[in-house]
Amino acid sequence: MSAVPAALQEIADDFTELSGDNRLQLLLEFSDDLPELPERYADHPELLEPVPECQSPIFLITEVEGTGRDAEARLFFSAPPEAPTTRGFAGILAEGLNGLSVGEILDVPNDVTERMGLAEVVSALRLRGMAGMLARIKRQLREKAEIGPEEA
Amino acid sequence: MTIPADPAPKLQDYAHPEKLVTTDWLADNLGADGLVVVESDEDVLLYDVGHIAGAVKVDWHLDLNDPVTRDYVGGEEFAELMSAKGISRDDTIVVYGDKSNWWAAYALWVFELFGHEDVRLLDGGRAKWQAEGREMTREKPQRERTDYPVVERQDAPIRAYKDDVLGFLGGQLVDVRSPQEYTGERTHMPDYPQEGTLRGGHIPTAKSVPWARAANDDETFKSRKELEAIYVDELSFDSSEPVIAYCRIGERSSHTWFVLTYLLGFDNVRNYDGSWTEWGNTVRVPVAQGEEPGEAPVGLTAGEGR
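Cut-off values and rules
- Residues numbered from 1 in each chain as written.
- Chains lettered and ligands numbered in written order.
- Predicted model: local features only at pLDDT ≥ 70, side-chain atom pairs only at ≥ 80, totals over all residues.
- Heavy atoms only, no water.
- UniProt positions renumbered as here; feature names shortened; annotations may be inferred.
- Helix = DSSP H or I, 4+ residues; strand = E, 2+ residues; numbered from the N terminus.
- Polar contact = N/O pair within 3.5 Å; in protein donor to acceptor, adjacent residues only side chain to side chain.
- Pairing = 2+ DSSP bridges.
- Contact = heavy atoms within 4.5 Å.
- Axes fitted to C-alpha atoms, helices over the stretch in contact; angles between N-to-C directions.
- Domains from an automatic or database assignment.
- Buried area = accessible area lost by both parts, 1.4 Å probe.
- Salt bridge = Lys/Arg side-chain N within 4 Å of Asp/Glu carboxyl O.
- Phe/Tyr/Trp six-rings, centres within 6.5 Å; stacked < 30°, edge-to-face > 60°.
- Buried < 20%, exposed > 50% of the residue type's maximum accessible area, 1.4 Å probe, protein only.
- Left-handed = near helix turned anticlockwise from the far one by under 90°.
- Nonpolar A, V, L, I, M, F, W, Y, C, P; charged D, E, K, R; others polar.
- Expected span 1.5 Å × (residues − 1).
- Parallel < 35°, antiparallel > 145°, perpendicular 65-115°, else oblique.
- Core = buried A, V, L, I, M, F, W, Y, C linked by side-chain atoms within 4.5 Å.

In the nomenclature of an unreviewed UniProt entry, chain B is known as Sulfurtransferase of Helcobacillus massiliensis. The annotation that UniProt attaches to chain B under Catalytic activity (unreviewed entry) is "thiosulfate + hydrogen cyanide = thiocyanate + sulfite + 2 H(+)".

Per an unreviewed UniProt entry, chain A goes by Cysteine desulfuration protein SufE and derives from Helcobacillus massiliensis. We quote the UniProt Sequence similarities (unreviewed entry) comment for chain A here in full: "Belongs to the SufE family."

What follows is the structure in structure tokens.
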């Protein structure tokens, strides 16, 4: 079953309701507001996974409280200020997915990144990076919550 | 030329010192009549994070590429872009950007396809301006719309197509990608996503000079002497003979094209923008792998027709 979680849907609606230039401004806000890494990761950047699908350097890590689809998921991202587009993508995923259950995140359709009206303001080429982040988040969550492919 | 060239001593050694400006010069001339500053970056949001006051943004992908055909925009679209940005045909344009001016050089090259006469680069680009603690702003300039003329794009002098390259093997061909892309180990720069290029390697006979060898750590261009040591002494390139430069999509090779054309004064340099994403996907073109330039197949060398 695939469904877009409410928080992420709300963000998608915000983007699609805006005109092109304002969409870019909203992406900039997500970029500005991307939370800093907590100390346990800031001091150990090697624990984070790189996302090579992005043009700019971005690293992410997930945490899972418990196992199975009902376990709670936490997402953490790190990207430099010179990579604001990538930071913006990370900010959207952080706000839209953080604190949801593993199952809810695994059910997010893979093409959700294409449904926010971002392709026309950042180009479809650059959007691939956001899809890459989502794919890596899902893979980490599946591993950490010990969910086999048949249950996912 | 609308605005006098930057007289900075460092620039005067170059073949065309009028094509570069220093950060000092730009700071002194900001707001001058007939001067438009353009920022062009890899990251489409970087301008919005903060830019040089009065600068307008031109994005290589959204503004300069045709959205359907793999080509640049045509004369009508270019005129519309320039008009919307408030740029006139006789304005002096100074382009700057991230990554040692890759994308700025690429934008400058596209502007020159349309024969915009006075386009210059800011030596050191965005990084140098920032490192010097100069002012950046998020405020977007309100430039009055202009009526930029529709000019037909002239590709032939500075742009090479695949067939031109096929007839140029054995000529002064330079591959400016990373060593790993040249040998065929990777199809994109280290740390970048591997894209859908079906074959790795390089165009036979192309010599390898990664573009960044022309840049200093502070992202300015190396001195003329240092550049000559690379392209003239090391490669034995003759400035009166034609050169074709390529990379993956033509952006890094725009940087090398700029160096050879304007800093070293080569007479005839073309940028092959199809580059490896075209060549490495093309059926039955010759490919060389490994560190050696390799041989051109018989019948496919420069000057043998085609």
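Digging into the side chain of B:Thr261
With respect to the helices and strands, the residue B:Thr261 is situated in helix H11 (residues 252-263). Reaching out from B:Thr261, the side chain makes a polar contact with the backbone oxygen of B:Trp257 at a distance of 2.8 Å.

Structural notes on the sheet that holds strand E8 (residues 243-246) of chain B
All names here are of chain B. The parallel open sheet is built from four strands, whose spatial order is E7-E6-E8-E9. Strands with a single pairing partner mark the edges of an open sheet, and in this sheet they are strand E7 (207-208) and strand E9 (269-272). Bridge count between strand E6 (residues 172-175) and E8: four bridges; the pairing is parallel. Among the inter-strand pairings, valine 174 is bridged to a residue of E8, identified as alanine 245. Contacting E6, E8 and E9, H11 runs over the sheet at an angle of about 180° to E9.

Re the domain arrangement of chain B
Residue and element names in this part refer to chain B. Split into domains, chain B comes out as domain 1 (9-137) and domain 2 (159-280). Each partner contributes residues to the interface: domain 1 has 29 residues there, and domain 2 has 32 residues. Note on domain 1 versus domain 2: buried area summed over both sides is about 2600 Å², and carbon and sulfur give 62% of it. Elements supplying a minimum of two residues to the side of domain 1 that touches domain 2: helix H6 (102-113) and helix H7 (125-131). A total of eight residues in the side of domain 1 that touches domain 2 trace back to one element, the largest contributor, which is H6.

Details of the interface of chain B and chain A
In this assembly, 18 residues from chain B lie in contact with 24 residues from chain A. In this assembly, chain B packs against chain A so that about 1700 Å² is buried in total across both faces, 54% of it on carbon and sulfur atoms. Here chain B and chain A share two salt bridges between them. The salt bridge involving B:Arg138 is made with A:Asp32; its shortest N-O contact spans 2.8 Å. Between the two partners, chain B and chain A, sit five residue pairs in polar contact (both at pLDDT 80 or more). At the level of secondary structure, the elements contributing two or more residues to the side of chain B that touches chain A comprise helix H3 (46-49) and helix H4 (60-64) of chain B.

Notes on the packing of aromatic side chains
Two aromatic rings, taken as a pair, are described by how far apart their centres are and by the angle between their planes. Residues and elements named next belong to chain B. For the structure on display, the rule yields 18 aromatic pairs over all chains. Residues tyrosine 72 and tryptophan 109 carry aromatic rings whose centres are separated by 5.4 Å and whose planes lie at 80° to one another, so their mutual orientation is edge-to-face. One end of the pair, tyrosine 72, is in the loop between H4 and helix H5 (75-85); the other, tryptophan 109, is in helix H6, with 37 residues separating them in the sequence. We note that tyrosine 72, like tryptophan 109, is buried.

Quick word on the packing of helix H1 (residues 6-17) of chain A against helix H2 (residues 20-33) of chain A
When two helices pack together, their arrangement is captured by the angle between the axes and the distance separating the axes. Residue and element names in this part refer to chain A. Two elements in contact, H1 and H2, have axes whose closest approach is 8 Å; the angle formed by their N-to-C orientations is 145°. Helix-helix and strand crossings are classified by hand; for H1 and H2 the assignment is right-handed. Every residue of H2 that contacts H1 at Ile11, Asp14, Phe15 and Thr16 is listed here: Arg23, Leu26, Leu27 and Phe30. When the residues that make up the contact of H1 with H2 are grouped by side-chain class, the tally is five nonpolar, one polar and two charged.

Some words on the pattern of salt bridges
All names here are of chain B. Counted by the stated rule, this structure contains 32 salt bridges over all chains. Across the pair glutamate 181 and arginine 252 runs a salt bridge, and its minimum N-O distance is 2.9 Å. With a gap of 71 residues between them, glutamate 181 in helix H9 (residues 179-183) and arginine 252 in helix H11 connect regions that are remote in the sequence. The exposure classification of glutamate 181 matches that of arginine 252, with both residues buried. A single network of salt bridges, built from pairs that share partners, joins Asp71, Arg153, Asp155, Arg159 and Asp273.

Focus: helix H7 (residues 124-144) of chain A
Residue and element names in this part refer to chain A. Under the 1.5 Å per step criterion, the end-to-end length of H7 is 31 Å for 21 residues, consistent within 8% with the ideal 30 Å. Taken together, the buried positions of H7 are Arg126, Leu127, Gly129, Met130, Gly132, Met133, Leu134, Arg136, Ile137, Lys138, Gln140 and Leu141. Residue glutamate 146 follows H7 closely and has a positive phi angle near 55°.

What to know about the side chain of A:Ser31
For A:Ser31, the position within the fold is in helix H2. You can call A:Ser31 buried: its relative accessible area is 3%.

So, H5(B)
Residues and elements named next belong to chain B. Every buried residue belonging to H5 is among Gly75, Phe78, Ala79, Leu81, Met82 and Ser83, and all of these are buried. On its buried face, H5 is in contact with H4, strand E4 (92-96) and H6. Remark: glycine 86 follows H5 within two positions and exhibits a positive phi of approximately 80°.

Observations regarding the packing of H6(B) against H11(B)
All names here are of chain B. At a closest axis distance of 7 Å, the pairing of H6 and H11 adopts a crossing angle of 65°. When the interaxial angle is binned, H6 and H11 end up roughly perpendicular. For H6 against H11, the interelement crossing comes out left-handed. Listed contacts from H11 to Trp102, Ala105, Tyr106, Leu108, Trp109 and Glu112 of H6 are Arg252, Ser254, His255, Trp257, Phe258 and Tyr262. Looking at side-chain class alone, the contact of H6 with H11 contains eight nonpolar, two polar and two charged residues.

Overview of the nonpolar core
Counting residues in each nonpolar core, the largest one holds 59 residues, and the members touching the most others are B:Leu121, B:Tyr231 and B:Phe258. For this core, the element with the highest residue contribution is H6(B), accounting for eleven residues. Composition of this core by domain shows at least three residues from each of domain 1 (9-137) and domain 2 (159-280) of chain B. Apart from residues no more than four positions distant in its own chain, B:Phe258 is found in contact with B:Lys19, B:Leu20, B:Leu108, B:Leu121, B:Phe221 and B:Leu263. If you look at the next biggest cluster of nonpolar residues, it comprises 45 residues, including A:Leu27, A:Ile58, A:Ala79 and A:Val121.

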